[in-house]
Amino acid sequence: MVVEIKANRMSRKGQIAIFIILALILVVSILLIFAFRNPPEIEVLDDENPQASIESCVSEVVNEVVNVLSVQGGDFNPQGSVMYQGRNITYLCYINENYLPCVNQRPLLIEHIENEIKVNIRQNVENCFENLKAGLERRYEVEMGSLDIDVNLNRRKIKVDLIREMRIVRGDNVREFKDFKVEILHPIYDLAKIAGEIVNQESEFCNFTEVGFMLIYPEYDVQRIKTGDSDTIYILQERVSGKDFNFAVRSCVMPPGI
């Protein structure tokens, strides 16, 4: 009887040992399967968005150029200008004689500003594309064509159309782009329109009534500053954004002593 009990105990221990060994074999087998199988293929073509990258970079470039144009009367490198508070501010209306009203120097002011933006953003926009290309080439093959830029000012917006063919290739996956459109919120169009109206009145009446204008258009602030050199500095501001546009006028100048 004692022998039978001992035999049963030994049998149970043997069964437990077998179960433990089988469990270990199962665990090891599962670990080996996960360790040696190939990782799943991950689609990463959408982790880089050329439109979003270009939009962010170009928006910064355009804002930098427009901020300079805005405080200098629409010229990036002013020629006919007057120094005011450390900046050269372009004359939008000028006459070099006494008594006479000024002559409009920028009858196509908006078109002029559009061209100034286009010319002065080109190099940095090229840099935006080159930086994007360099980043993408870590994982993709990238081909780019020549760049064409078009700039249009609209009410409270600057629209920049960038035309450049781009191919992004990885294996059998190919993405092609051609048009990159960027819109920047900025009131330079609206402020330039007001500047044009002021110039028209200065060239005809040698004056502009800023108080009356602000009563009709309270969303804008107009400062008319007379300097000691017979110049008038206009500072136009859109109140809600705080963006401004500055320019100079020399009109109907009275000679000294009168």
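Nothing here was measured: the structure is a model prediction, and the numbers come from that model.

Novice: I'd like to hear about the packing of helix 3 (residues 109-136) against helix 4 (residues 188-205), residue by residue, with values.
Specialist: Contact geometry of helix 3 with helix 4 gives a least axis separation of 9 Å together with a crossing angle of 140°. One way to sum up the angle between helix 3 and helix 4 is to call them oblique. Regarding helix 3 and helix 4, the two cross each other, and that crossing is right-handed. Two secondary-structure elements touch here, helix 3 through Leu109, Ile110 and Ile113 and helix 4 through Ile188, Tyr189, Ala192, Lys193 and Ala195. Here the residues of the contact of helix 3 with helix 4 are counted per class, giving seven nonpolar, no polar and one charged.

Novice: Residue-level account of the pairing of strand 10 (residues 244-250), with values.
Specialist: In terms of burial, strand 10 is a largely internal element, six of the seven residues being buried. Relative to strand 10, strand 2 (residues 87-94) runs parallel, the two being bridged by three bridges. Opposite Cys93, over in strand 10, you have Val249 as the bridge partner. Of the pairings in the sheet, the one linking strand 9 (residues 232-238) to strand 10 comprises six bridges and is antiparallel in character. Its bridge partner lying in strand 10, Tyr234 is registered against Phe247. Hairpin connection, strand 9 to strand 10: the antiparallel pair is bridged by five residues, and Gly242 has positive phi, about 80°.

Novice: Go over the state of the cysteines, please, and point to the residues and values.
Specialist: Taken as a whole and assessed by the stated rule, the structure comprises three disulfides. Note that Cys57 is cross-linked by a disulfide to Cys128, the S-S spacing being 1.9 Å. Between Cys57 and Cys128 the disulfide shows an S-S torsion of about -75°. By sign, it is left-handed. Of this pair, Cys57 sits in helix 2 (residues 50-71) while Cys128 sits in helix 3, and the two are 71 residues apart along the sequence. The side chain of Cys93 participates in a disulfide bridge whose partner is Cys102; the two sulfur atoms lie 1.9 Å from each other.

Novice: Just give me the short version of the side chain of Asp231, but keep the residues and values in it.
Specialist: In this structure, Asp231 sits in the loop between strand 8 (220-226) and strand 9. Here the side chain of Asp231 touches Tyr91 through a polar contact of 2.9 Å, side chain to side chain. The contact partners of Asp231, leaving out residues within four places of it in the chain, are Val82, Tyr91, Ile225, Lys226, Val249 and Arg250.

Novice: Describe in detail the nonpolar core, supporting the description with residues and values.
Specialist: Core analysis: the largest hydrophobic core is formed by 52 residues, its most contacted members being Ile121, Val160, Leu162 and Phe247. Looking at this core element by element, the count peaks at ten residues for helix 3. Here Val160 is in contact with Val58, Val62, Ile121, Ile149, Asp150, Val151, Phe180, Lys181, Val182 and Ile184, once residues within four sequence places are set aside. Of all hydrophobic cores here, the second largest spans seven residues; its members include Val82, Tyr84, Ile89 and Tyr91.

Novice: Tell me about helix 2, residues and numbers included.
Specialist: Spanning 22 residues, helix 2 covers 32 Å between terminal C-alpha atoms, matching the ideal 32 Å at 1.5 Å per step. The set of residues buried in helix 2 consists of Pro50, Ile54, Val58, Ser59, Val61, Val62, Val65, Val66, Leu69, Ser70 and Val71. Of the surrounding elements, those touching the buried residues of helix 2 are strand 2, helix 3, strand 6 (157-170), strand 7 (173-185), helix 4 and strand 10. Note on helix 2: the residue one or two positions beyond its end, Gly73, has a positive phi of about 80°.

Novice: Outline unusual backbone geometry, listing residues and values.
Specialist: For residues that are not glycine, phi is negative in most cases, and the peptide bond is trans in most cases. The phi angle at Cys206 is positive, at roughly 60°, despite the residue not being glycine. Looking at Cys206, the relative accessible area reads 23%, which means it is partly exposed. The backbone of Cys252 sits at a positive phi, close to 50°, despite the residue not being glycine. Locating Cys252 in the fold gives a position in the segment after strand 10. Residue Cys252 is classed as buried on the basis of its relative accessible area, which comes to 18%.

Procedures and definitions
- Residues numbered from 1 in each chain as written.
- Predicted model: local features only at pLDDT ≥ 70, side-chain atom pairs only at ≥ 80, totals over all residues.
- Heavy atoms only, no water.
- Axes fitted to C-alpha atoms, helices over the stretch in contact; angles between N-to-C directions.
- Helix = DSSP H or I, 4+ residues; strand = E, 2+ residues; numbered from the N terminus.
- Parallel < 35°, antiparallel > 145°, perpendicular 65-115°, else oblique.
- Left-handed = near helix turned anticlockwise from the far one by under 90°.
- Contact = heavy atoms within 4.5 Å.
- Nonpolar A, V, L, I, M, F, W, Y, C, P; charged D, E, K, R; others polar.
- Buried < 20%, exposed > 50% of the residue type's maximum accessible area, 1.4 Å probe, protein only.
- Pairing = 2+ DSSP bridges.
- Disulfide = S-S within 2.5 Å.
- Polar contact = N/O pair within 3.5 Å; in protein donor to acceptor, adjacent residues only side chain to side chain.
- Core = buried A, V, L, I, M, F, W, Y, C linked by side-chain atoms within 4.5 Å.
- Expected span 1.5 Å × (residues − 1).

By themselves, these figures tell us nothing about what the structure is for.
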